[in-house]
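Residue-level structure breakdown
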Amino acid sequence: MEQCSGVFDPEELSVLGSLYDSAVAALPPSMRNPENRTAIAKLILERTAAGEAQLACLTNFLITISPQG
């Protein structure tokens, strides 16, 4: 994913949204609170800004811990 001036295109936003949804779904229901949701969103955006490699590692981790994974 390339980032241009801090703006993501719709396809990238869709991928990031899916990643966020998967991360939240991987949490036990008792941990799906606003604070944890915000922390997950920040983590995804930080890793995205840091580069594709870190985002790929985060994605693989979330797939591993996901109940559907």
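1. Description of the overall build of the protein
Counting its secondary structure elements, the protein contains three helices and zero strands. Looking at the protein residue by residue over its 69 residues, the buried ones come to 22%. Taking contacts inside the protein between residues at least 6 apart in sequence as the whole, the part at least 24 apart equals 47%. For the protein, the exposed surface amounts to about 4700 Å²; the carbon and sulfur share of it is 59%.

2. Regarding the confidence of the model for the protein
For the protein, per-residue confidence averages 79 on the pLDDT scale, and 83% of positions sit at 70 or higher. Note that residues 1–5 has pLDDT below 50 and, in this model, nine contacts with residues that lie over four places away or in other chains.

3. Looking at the nonpolar core
Formed by F8, L16, L19, A23, V24, L27, I40, I44, L55, L58 and L62, the largest nonpolar core amounts to 11 residues. Those elements giving two or more residues to this core turn out to be α1 (10–26), α2 (34–50) and α3 (52–65). Looking at which element gives the most residues to this core, the answer is α1, with four residues. Not counting residues up to four positions away in its chain, the partners in contact with I44 are L16, L19, Y20, L55 and L58.

4. So, the environment of N33
By the element assignment, N33 lies in the loop between α1 and α2. Within the local environment of N33, its side chain forms a polar contact with the backbone nitrogen of N36, the two atoms lying 2.8 Å apart.

5. Section: the environment of I40
Along the chain, the position of I40 falls in helix α2. A sequence separation of 17 residues divides I40 from A23, and the C-alpha atoms of the two residues are 7.2 Å apart. The contacts of I40, once residues within four sequence positions are left out, are Y20, A23, V24 and L27.

Definitions and cut-offs
Residues numbered from 1 in each chain as written. Predicted model: local features only at pLDDT ≥ 70, side-chain atom pairs only at ≥ 80, totals over all residues. Heavy atoms only, no water. Helix = DSSP H or I, 4+ residues; strand = E, 2+ residues; numbered from the N terminus. Buried < 20%, exposed > 50% of the residue type's maximum accessible area, 1.4 Å probe, protein only. Contact = heavy atoms within 4.5 Å. Areas by Shrake-Rupley, 256 points an atom, 1.4 Å probe, with all protein chains shown as cover. pLDDT = per-residue confidence, 0-100. Core = buried A, V, L, I, M, F, W, Y, C linked by side-chain atoms within 4.5 Å. Polar contact = N/O pair within 3.5 Å; in protein donor to acceptor, adjacent residues only side chain to side chain.

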